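An overview of the molecular structure
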Amino acid sequence: QTLKIGLLFGGQSGEHEVSLVSAKSIAQGLGQNPRNQVMPFYIQKDGVWCDPERSLNVLEAGKPEQIDNSGQFKLPAAANEVDVWFPALHGPNGEDGTVQGMLQLMQKPYVGNGVLASAVGMDKVLMKALFAQAGLAQVKYVALSRWQWQQEPEEWYEHIETTLGYPCFVKPANLGSSVGISKVRDRSQLEAAIHSATSYDPRVIIEQGVTAREIECAVLGNEQPKASIVGEITYNSDFYDYETKYTPGMADLHIPAQLPETVTQAVQDMAIAAFEAVAGSGLGRVDFFYVEASSMVLINEINTLPGFTSTSMYPKLWEASGISFHDLCDRLVDLALERHKPIV
Ligand code: ATP
Ligand code: MG
Ligand code: MG
Ligand code: MG
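Residues numbered from 1 in each chain as written. Chains lettered and ligands numbered in written order. Predicted model: local features only at pLDDT ≥ 70, side-chain atom pairs only at ≥ 80, totals over all residues. Heavy atoms only, no water.

The next subject is the site of ligand 1. In the vicinity of ligand 1 there are 22 residues, among which K124, K171, S178, E214 and N303 approach most closely. Within the complex, the protein chains bury 94% of what would otherwise be the 620 Å² of accessible surface of ligand 1. Breaking the shell around ligand 1 down by element, the ones donating at least two residues are strand 5 (168–172), strand 7 (203–208), strand 11 (282–291) and strand 12 (296–303). In terms of residue class, the shell around ligand 1 is made up of seven nonpolar, seven polar and eight charged. Each of domain 2 (121–137 + 211–304) and domain 3 (141–208) accounts for three or more of the residues forming the shell around ligand 1. (Near = heavy atom within 4 Å. Areas by Shrake-Rupley, 256 points an atom, 1.4 Å probe, with all protein chains shown as cover. Helix = DSSP H or I, 4+ residues; strand = E, 2+ residues; numbered from the N terminus. Nonpolar A, V, L, I, M, F, W, Y, C, P; charged D, E, K, R; others polar. Domains from an automatic or database assignment.)

Structure, rendered in structure tokens:
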């Protein structure tokens, strides 16, 4: 029996381009199993959904396109045929629970995290509050809204300087792929960085900068999630910014990461605790800082729909743990079917 899988990609997000690459890999992965029939649905940058025929062209070309100029959101008729949805969307309006809410109301199973985990996983302020609640060690931070900042900018700069110091990182609360993130070293950079971050999201977070190795761990499962082998990312840039992430050759993945056994174990335990803290299901990639000098593991964040190209960390970590790319795609679909509870 064939399973019609609605592959959602693109999206009204700063990570639209990344999604095109993830979706292409996932379509190939799903295509390995004769059970699966992939139906692509491209979401334009303006949020308009395209039918599978037009979406297939975009998927194959791998470039953003504006093919429906109606400006109107409507569900393509083919959406009614879908048995299970696979959102391959990153960032706002896709990784943040909005699309998950719609899929939930459509009463069809969907891959990955539900509404709650997606929403809190995307919002760095709420995510960190839940991590703190779960007792996970993390960097010091200050949460700030555009409105608060505009009221008394000087007071906020002083507060940030005394509580965090420099360098610090300014981030939009809801985004990914390092879009809108700046590393700042003085007050004028701080001001410019908050300006920039608030153009992406009215909520921002400012974090104390740490000098650390960057470690990532993948999580897979619903009620009894498993942690993968642990990986490390190295690069020569100032930090792991957008360019470093997506320019081939600028960053290296090391799997497994060369770490003391106790550190690896701590990372895996913390990855599962983080996944559970946000009520995760399906998948998650948990990012860490390992401060070698003090042998401290700090949690940075969870990504509830991590990059999913064949060379991305998430599938690479599972490959090293014994699950091939196409098996991983199938497992995620199976986990979606397992979790699905129809609305009664
Ligand atoms: P992703 O693509 O993983 O979703 P993101 O946009 O959510 O990324 P972060 O993972 O929070 O962003 O940060 C991106 C990068 O910025 C980190 O991988 C790291 O290189 C650097 N960075 C962020 N916060 C800190 C910090 N507090 N101290 C040192 N480096 C940091
Ligand atoms: Mg992230
Ligand atoms: Mg992300
Ligand atoms: Mg990250």
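We are not done yet, so read on.
Moving on, we come to the coordination of the magnesium ion (ligand 4). All of the protein donors around the magnesium ion (ligand 4) are D287 (OD) and E301 (OE); their distances to the metal are 2.0 to 2.3 Å. Taken as an interatomic distance, the gap from the magnesium ion (ligand 4) to the magnesium ion (ligand 2) is 3.9 Å; E301 donates to each of them. Of this pair, D287 sits in strand 11 while E301 sits in strand 12, and the two are 14 residues apart along the sequence. (Donors = N, O, S within 2.8 Å, 3.2 Å for Na, K, Ca; no water.)

Moving on to the packing of helix 1 (residues 16–31) against helix 2 (residues 52–61). Close contact between helix 1 and helix 2 brings their axes to 9 Å; oriented N to C, the two are set at 100°. Judged by the inter-axis angle, helix 1 sits roughly perpendicular to helix 2. Residue-level inspection shows L20, A23, K24 and A27 of helix 1 in contact with helix 2, the latter providing V58, L59 and E60. Partitioning the contact of helix 1 with helix 2 into residue classes produces five nonpolar, no polar and two charged. (Axes fitted to C-alpha atoms, helices over the stretch in contact; angles between N-to-C directions. Parallel < 35°, antiparallel > 145°, perpendicular 65-115°, else oblique. Contact = heavy atoms within 4.5 Å.)

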